[in-house]
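# Architecture at a glance
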Amino acid sequence: MWLVTINCSTDAWKQWSAAFLTLVDKYQGTCLSSKKTPQGDRTMEYKIEDVADAEVFTDECQSLEGFAAQFASL
């Protein structure tokens, strides 16, 4: 299992949230946490079963302007 951590700004979320949620559905990740800071930035953590899916999910998240992502083994 793999943990994918995604961070984004308020503006990025407003612009790309629909595209991001489509990615989540595509890779069938399980949301472990989703937090919004007082400034409006977001941090989300998803559990992904397959390492190849975790890697591609991370790459696709980073293709959204204002999103940063990384993955690590659980």
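That block above? That's the structure.
Residues numbered from 1 in each chain as written. Predicted model: local features only at pLDDT ≥ 70, side-chain atom pairs only at ≥ 80, totals over all residues. Heavy atoms only, no water.

### Describing the environment of Phe57
Counting through the fold element by element, Phe57 comes out in helix α2 (residues 51-62). Distance from Phe57 to Arg42, taken between C-alpha atoms, is 17 Å for residues 15 residues apart in sequence. Not counting residues within four places of it along the chain, the set of residues in contact with Phe57 comprises Val4, Ile6, Phe20, Leu23, Val24, Tyr27, Tyr46 and Ile48. (Helix = DSSP H or I, 4+ residues; strand = E, 2+ residues; numbered from the N terminus. Contact = heavy atoms within 4.5 Å.)

### Examining the packing of aromatic side chains
One pair of aromatic rings is described through two measures. These are the centre distance and the angle between the planes. Counting across every chain of the model gives seven aromatic pairs. With a centroid separation of 5.7 Å and an interplanar angle of 70 degrees, the aromatic rings of Trp2 and Phe71 are classed as edge-to-face. Placement of the pair is Trp2 in strand β1 (residues 2-8) and Phe71 in strand β4 (residues 67-73), with a sequence separation of 69 residues. The class for Trp2 is partly exposed, based on a relative accessible area of 22%. Taken together, the ring pairs in this structure connect Trp13, Phe20, Tyr27, Tyr46, Phe57 and Phe67 into an aromatic cluster. (Phe/Tyr/Trp six-rings, centres within 6.5 Å; stacked < 30°, edge-to-face > 60°. Buried < 20%, exposed > 50% of the residue type's maximum accessible area, 1.4 Å probe, protein only.)

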